[in-house]
Amino acid sequence: MPVEPLSQKEIEDRLAELPGWSLDEGRLTRSYRLGSHFAATAMVAHIAQVQEELNHHSDLTLGYDTVSLSVHTHSAGGAVTAKDLELARRVEDLAPGHGAH
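Residues numbered from 1 in each chain as written. Predicted model: local features only at pLDDT ≥ 70, side-chain atom pairs only at ≥ 80, totals over all residues. Heavy atoms only, no water.

Novice: In this structure, what is going on with the overall build of the protein? I would like to understand it.
Specialist: Scanning the protein from N- to C-terminus turns up three helices and four strands. Starting at the N terminus and walking to the C terminus, you meet the elements of the protein as α-β-β-α-β-β-α. Relative to the 2.2 N^0.38 estimate, which gives 13 Å for 101 residues, the radius of gyration of the protein is 13 Å and therefore close to what a compact globule would have. For the protein, the spread of C-alpha atoms along the three principal axes comes to 40 × 25 × 20 Å. Residues classed as buried in the protein amount to 40% of the 101 residues present. (Helix = DSSP H or I, 4+ residues; strand = E, 2+ residues; numbered from the N terminus. Rg over C-alpha atoms; globule rule 2.2 N^0.38 Å. Buried < 20%, exposed > 50% of the residue type's maximum accessible area, 1.4 Å probe, protein only.)

Printed below as a string of structure tokens:
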């Protein structure tokens, strides 16, 4: 079943519930800072697990003590969909367990 792009208003309303997430050049983005490189690496592995569960993958970047995500839905022509917001919510839920802020 195809996923439908969300309207700008729907995206803005949903982003209000996801502090730190923003819309940048048509993608949802967020960066986290962690206490160490090991903590950042562990968070990347956890995010990868969630992405596999959802069968929806972001561009995921590991820095020394940072993790950055950028996501949109390719099958919706690169638009933001509910799948992107679900991934963002899941990442936001797991971030505190890794000490991310």
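Novice: Would you explain the pairing of strand S2 (residues 27-33) in this entry?
Specialist: Successive side chains on a regular strand alternate, one facing one side of the sheet and the next facing the other. Among the seven residues that make up S2, five are buried, leaving the element largely enclosed by the rest of the structure. Examined bridge by bridge, strand S1 (residues 22-24) and S2 share three bridges and lie antiparallel to one another. Directly across from Asp24, in S2, lies its bridge partner Arg27. Hairpin connection from S1 to S2: two residues lie between these consecutive antiparallel strands, with Glu25 at a positive phi of about 55°. Where S2 lies against strand S4 (residues 66-71), six bridges are found, and the strand directions are antiparallel. (Pairing = 2+ DSSP bridges.)

Novice: Sorry if this is basic, but what is going on with the packing of aromatic side chains here?
Specialist: We describe a pair of aromatic rings using the distance from one ring centre to the other and the angle between the two ring planes. All chains considered together, the criterion is met by zero aromatic pairs. The positively charged end of Arg30 is found above the aromatic ring belonging to Tyr32, 4.0 Å away from the centroid. (Phe/Tyr/Trp six-rings, centres within 6.5 Å; stacked < 30°, edge-to-face > 60°. Lys NZ or Arg CZ within 6 Å of the ring centre and 35° of its normal.)

Novice: Looking at this structure, I do not really get the packing of helix H2 (residues 37-54) against helix H3 (residues 82-94). What am I missing?
Specialist: Taken N-terminus to C-terminus, the directions of H2 and H3 make an angle of 145°; their axes are 10 Å apart at the nearest point. In terms of crossing hand, the pair formed by H2 and H3 is right-handed. For the pair H2 and H3, contact is made by Met43, His46, Ile47, Val50, Gln51, Glu53 and Leu54 and by Glu86, Leu87, Arg90, Val91 and Leu94, respectively. Its residues placed into classes, the contact of H2 with H3 shows seven nonpolar, two polar and three charged. (Axes fitted to C-alpha atoms, helices over the stretch in contact; angles between N-to-C directions. Left-handed = near helix turned anticlockwise from the far one by under 90°. Contact = heavy atoms within 4.5 Å. Nonpolar A, V, L, I, M, F, W, Y, C, P; charged D, E, K, R; others polar.)

Novice: Got a minute to help me understand the side chain of Thr73 in this structure?
Specialist: Note on placement: Thr73 falls in the loop between S4 and H3. Judged by its relative accessible area of 2%, Thr73 falls in the buried class. When residues no more than four places from it in sequence are discounted, the contact partners of Thr73 are Val3, His56, Gly78, Ala79, Thr81, Lys83 and Asp84.

Novice: How should the nonpolar core be read in this particular structure?
Specialist: Counting residues in each nonpolar core, the largest one holds 25 residues, and the members touching the most others are Trp21, Leu28, Tyr32, Leu34, Met43, Val67 and Val91. Contributing elements (two or more residues each) for this core: helix H1 (8-15), S2, H2, S4 and H3. Residue contributions to this core peak at six residues, all from H2. The residues contacting Leu34, other than those within four sequence positions of it, are Ala39, Ala40, Met43, Asp65, Thr66, Val67, His98, Gly99 and Ala100. (Core = buried A, V, L, I, M, F, W, Y, C linked by side-chain atoms within 4.5 Å.)

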